[in-house]
There are 2 protein chains.
Amino acid sequence: MRMSQYFLPTLKENPAEAQIVSHRLMLRAGLVRQTSAGIYAWLPLGFRVLKNIERIVREEQDASGAQEVLMPTIQSAELWRESGRYDAYGPEMLRIKDRHERDMLYGPTNEEMITVLFRDGVKSYRDLPKNLYHIQWKFRDEVRPRFGVMRGREFLMKDNYSFDLDKKGAIHSYNKMMLAYMKTFRRMGLKPIPMRADTGPIGGDLSHEFIVLAESGESDVYYHESWEAGHGYEDPNFDYEDRDLLAAWISYLTSEYAATSEKRDLEKEASLPGLVRRSRGIEVGQVFYFGTTYSKPMNATVTGPNGDQIPVEMGSYGIGVSRLVGAIIEASHDDAGIIWPESVAPFKVAILNLKPDDGAVFAACQKLYDGLLAKGIEVLHDDRDLRPGAKFADMDLIGTPWQVIVGPKGLAAGKAELKDRKTGKREELPLDQVAQRFG
Amino acid sequence: MRMSQYFLPTLKENPAEAQIVSHRLMLRAGLVRQTSAGIYAWLPLGFRVLKNIERIVREEQDASGAQEVLMPTIQSAELWRESGRYDAYGPEMLRIKDRHERDMLYGPTNEEMITVLFRDGVKSYRDLPKNLYHIQWKFRDEVRPRFGVMRGREFLMKDNYSFDLDKKGAIHSYNKMMLAYMKTFRRMGLKPIPMRADTGPIGGDLSHEFIVLAESGESDVYYHESWEAGHGYEDPNFDYEDRDLLAAWISYLTSEYAATSEKRDLEKEASLPGLVRRSRGIEVGQVFYFGTTYSKPMNATVTGPNGDQIPVEMGSYGIGVSRLVGAIIEASHDDAGIIWPESVAPFKVAILNLKPDDGAVFAACQKLYDGLLAKGIEVLHDDRDLRPGAKFADMDLIGTPWQVIVGPKGLAAGKAELKDRKTGKREELPLDQVAQRFG
């Protein structure tokens, strides 16, 4: 993409309304704009990051055997009356009346709807297990939305729902999602800690939150220092259907203490060798096992091997897709701007043309640009008529992992400068070797 | 995908509520389920089709130079008061009050919001033209939703918005979208006719609807018989920025009479040589040029070459992404079910195992399946424990373009039967040649 044509409104000043670094940088780098309180539009650069995160989430869901569906945003209140949650859910639920005065709502989550879809489509235990996911916008009417996309009202979430014949199967489904989540977040350069957590309005008695440590986190969390030494981040490389290996890995993963403040266990903390840390954390995902909490009241049963009707055992699992954009920035930035991990970067490489009105420099940059595009590499080409300082500042702010800097002096020697955004390391290399460097 | 594990609830009977063939087939083939009046959930098979259509739309938008953004579904009423449309828009607008009693709405379209994003981000004529699109769910509270996804309330739409300095530029942007739309629909196997149309609540004085002819269409349309002879369907193969060639092609494209009932010209019809046809039509897209209808009241100006503030010239362009699933089925089906064009098919190839409990047949099918997957071909493998007749019926209903049928008799001769869903033509071919057939 040529920046002279790109819709990329960066800001020089820190917006007054932004309290945390990810919010500031998302506004300054032109990723998003607020359109109402807690509601954001994604501009081209931010949209690319969002799509990259979505793609990783989707690939790992598919790899785990989950099947993608797409449920609508607007739901009927009737559905929620069936489960008993319509009255129980607080003012975070955006309630709507349609033109016929029917009670509707903007879905904050989809346990009820998926239970009905499952109930209508699956009749026999032979068709179990099933795991259905979707990536769809949700709405929660936060009383005080803040921190940009981290605590917005309209947000993109991946949620899925597992259906099993018995608790043993449901726990296996839960374990698979634990593994899928660790893989998902690792691919984005994050190191979340799965922590025992409250189940809240979802229900059930088993839940883990996946927490990324960050000063700007919304809650206090407690964990054993072994997590900082890298506990749980070895690459778990086994088949999802190898139940015993998976169970053993989960048991290892959760063997070290980690809990949200609601689930803190002071006695246990006192008994542990080594230190327990207290930090702030950002929740990027949560998993729940809730058994028959929805299947019983909503009559979602299958015919069992003996012909009897058995309510299915369920779990649900969520990843905050739009929130992850903020969480990744919280985890990866410096004073100059964002430092994108390659896996989610809006562009992998940027070309900085230091003298666009110099025909030879322009031609060299264009050739580089075409060469990189031909290799399928996503490139942002700063061909704007601006002084070098402004270009350096904008590109550090935007945070593409690699900057290729081309000016008249280097060109005369047939060279470009390559800058690694993360380390700041610079090196010169021959122009004709740039493309193959990113092969 | 193995059908024994797939969430694919097909129906044997025609659902009573479905009046048109696409609605019937979408329910019977397990593509969608209604969750409230005019609101649908997309099951795995339908979701794949929806994503294929979305991908084609996106690729053609990108090729035309449009840039993708993503605006939220919920908008502030304030925005629409700025343009004057909040009170003018009828009861199709889903109006909402949030917990602070602020007036919000579920966006039926996005002219206002994009105008504000543009106004805040673009200041100079040097940054024009711009064309921004998004693919997002919309809501229109139809008084009587029907025809399945063809006239639903929550629907997926690609809408984009062009910004130019003057009318000449805006007409070029309009022409580019006309070309992009013809390419988009052609790739889906459709032959829409662009017809002069009313501008309705969008405003402006130039608009075309892209109409697919079908008995179940919602409106009467009139067109010269030359369209049936293939007018306008030659492949227009030139650069989007070649203004003269593009203008000449548009002039040719629109040279033959075609109008919706609102824009019918009886005098012209009488004067034409040849026949004017009357038919029913399904609208799959619409384009508008409306100049400064929004930019003036909303003060979206750029600094011109002489330093004066110039309101931008705008157009907007919509494609009904979810509606297209129905429109394609209306255009491509037979008594047995759907006939997917390869470009949008949920799976390109199906393997029908006629005797899954026969170890040799199972192994042969599994080998075929793995071989096709290894070539990156999307395959649906019917490994269910059902009699052959039920499998034939289901696969014709689902409509994958190719069926590979494997039974004990053929296997003994080392052969599979290949069926072309569209023509019904069958041929035998050696098992080891199946994969390379789809190379």
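Residues numbered from 1 in each chain as written. Chains lettered and ligands numbered in written order. Predicted model: local features only at pLDDT ≥ 70, side-chain atom pairs only at ≥ 80, totals over all residues.

Per the secondary structure count, chain A includes 13 helices and 23 strands. Out of the 439 residues belonging to chain A, those deemed buried represent 50%. For chain A, contacts bridging at least 24 residues in sequence account for 73% of all contacts bridging at least 6. (Helix = DSSP H or I, 4+ residues; strand = E, 2+ residues; numbered from the N terminus. Buried ≥ 20, exposed ≤ 12 C-beta atoms within 10 Å, placed from the backbone. Contact = placed C-beta atoms within 7 Å.)

So, about the relation of the copies chain B and chain A. With an RMSD of 0.0 Å, the fit of chain B onto chain A corresponds to turning through 180 degrees and sliding 0.0 Å along the axis. In short, the pair behaves as if placed about a two-fold rotation axis. Every residue of chain B has its C-alpha some distance from the rotation axis, and the shortest such distance is that of B:Ile96, at 2.9 Å. (Least-squares fit on C-alpha atoms with pLDDT ≥ 70 in both.)

Working note: α-helix, 3.6 residues per turn, so residues spaced by three or four point in the same direction. All names here are of chain A. Buried within helix H7 (residues 243-253) are the following residues: Trp249, Ile250 and Leu253. Across the axial projection of H7, the buried residues extend over an arc of 100 degrees, all falling on one side. Opposite the packed face of H7, turned more than 90 degrees from it, sit the exposed residues Asp244, Ala248 and Ser251. As for H7, its buried residues are in contact with helix H6 (167-187) and strand S9 (193-196). (Arc of directions from axis to C-beta.)

So, about the packing of helix H6 (residues 167-187) of chain B against helix H7 (residues 243-253) of chain B. Residues and elements named next belong to chain B. Contact pair H6 / H7: the axes reach a minimum separation of 10 Å and the direction vectors enclose 65 degrees. Where H6 crosses over H7, the two elements pack in a sense that is left-handed. Residue-level contacts link His172, Asn175, Lys176, Met178 and Leu179 of H6 to Arg243, Leu246, Ala247, Ile250 and Leu253 of H7. Its residues assigned to classes, the contact of H6 with H7 comprises 6 nonpolar, 2 polar and 2 charged. (Axes fitted to C-alpha atoms, helices over the stretch in contact; angles between N-to-C directions. Left-handed = near helix turned anticlockwise from the far one by under 90°. Nonpolar A, V, L, I, M, F, W, Y, C, P; charged D, E, K, R; others polar.)

Moving on: the domain arrangement of chain A. Residue and element names in this part refer to chain A. Once the domains are mapped, chain A shows domain 1 (3-338) and domain 2 (349-437). Computed from C-alpha coordinates alone, the two centres of domain 1 and domain 2 are separated by 38 Å. Opposite the 9 residues of domain 1 that make contact, domain 2 presents 10 residues. Along the lines of polarity and charge, the residues of the side of domain 1 that touches domain 2 split into 5 nonpolar, 3 polar and 1 charged. (Domains from an automatic or database assignment.)

Residue and element names in this part refer to chain B. One open sheet holds the 5 strands; their spatial order is S20-S19-S21-S22-S23, and the pairing between them is mixed. Since the sheet does not close on itself, it has two edges, and those belong to strand S20 (379-382) and strand S23 (426-430), each with one partner. Between one strand axis and the next, the sheet turns by 25 degrees as a mean value, whatever way the strands run. Bridge count between strand S19 (residues 349-353) and S20: 4 bridges; the pairing is parallel. (Pairing = 2+ DSSP bridges.)

What follows is about the interface of chain B and chain A. Listed per partner, the contact involves 40 residues of chain B and 40 residues of chain A. For the side of chain B that touches chain A, the elements supplying multiple residues, two or more each, are strand S1 (32-36), strand S2 (39-42), helix H2 (44-63), strand S3 (67-68), strand S4 (74-76), strand S5 (94-97), helix H5 (111-121) and strand S7 (130-139) of chain B. Partitioned by chemical class, the residues of the side of chain B that touches chain A number 25 nonpolar, 7 polar and 8 charged.

The next thing to look at is the sheet that holds strand S21 (residues 402-406) of chain A. Residues and elements named next belong to chain A. Pairing within the open sheet is mixed, and its 5 strands lie in the order S20-S19-S21-S22-S23. Of all the strands in the sheet, just strand S20 (379-382) and strand S23 (426-430) have a single pairing partner and so form its edges. On average, each strand axis in the sheet is inclined to that of its neighbour by 25 degrees, with strand direction left out of account. Contacts from helix H10 (residues 359-374) reach strand S19 (349-353), S20 and S21, with the element oriented near 170 degrees to S19. Together, S19, S20 and S21 form the strand contacts of helix H11 (residues 388-398), whose direction differs from that of S19 by roughly 170 degrees.

Note the cis peptide between A:Leu128 and A:Pro129, where omega equals -5 degrees. Phi is positive for A:Glu101, close to 65 degrees, though the residue is something other than glycine. By secondary structure assignment, the location of A:Glu101 is in the loop between strand S5 (94-97) and strand S6 (103-106). Residues other than glycine seldom take positive phi values, yet B:Phe147 does so here, at roughly 60 degrees. Among the secondary structure elements, B:Phe147 is positioned in the loop between S7 and strand S8 (154-164).

It is worth spelling out the pairing of S2(B) at this point. Residues and elements named next belong to chain B. Burial of the side chains of S2 extends over both faces: Ile39 and Ala41 are buried on one face and Tyr40 and Trp42 on the other. Judged from the 4 bridges that link them, S1 and S2 form a sheet pairing that is antiparallel. Across the sheet, Gln34 pairs through a bridge with Tyr40, a residue of S2. Linking S1 back to S2 in an antiparallel pair, the connection comprises 2 residues, with Gly38 at a positive phi of about 70 degrees.

Next up on the list: the pairing of strand S21 (residues 402-406) of chain B. All names here are of chain B. With respect to burial, S21 is a largely interior element, 5 of its 5 residues being buried. Because side chains alternate across S21, one face comprises the buried residues Trp402, Val404 and Val406, and the other comprises Gln403 and Ile405, equally buried. Pairing of S19 with S21 involves 5 bridges; the strand directions are parallel. Residue pairing for S21: Ile351 is matched across the bridge by Val404. Here 4 bridges tie S21 to strand S22 (residues 415-420), and the two strands are oriented antiparallel to one another. Its bridge partner lying in S22, Ile405 is registered against Glu417.

Before going further, it helps to spend a moment on the environment of B:Gly410. Residues and elements named next belong to chain B. With respect to the helices and strands, the residue Gly410 is situated in helix H12 (residues 408-412). For Gly410, a count of 18 C-beta atoms within 10 Å corresponds to the partly exposed category. When the C-alpha positions of Gly410 and Pro430 are compared, they lie 9.2 Å apart, and in sequence the two are 20 residues distant. Among all residues touching Gly410, those that are not within four sequence positions of it are Lys415, Ala416 and Glu417.

This part takes up the environment of A:Phe438. Tracing the sequence through the fold places A:Phe438 in the segment after helix H13 (434-437). Aside from chain neighbours lying at most four places away, what touches A:Phe438 is A:Lys348, A:Val349, A:Leu372, A:Lys375 and A:Ile377.

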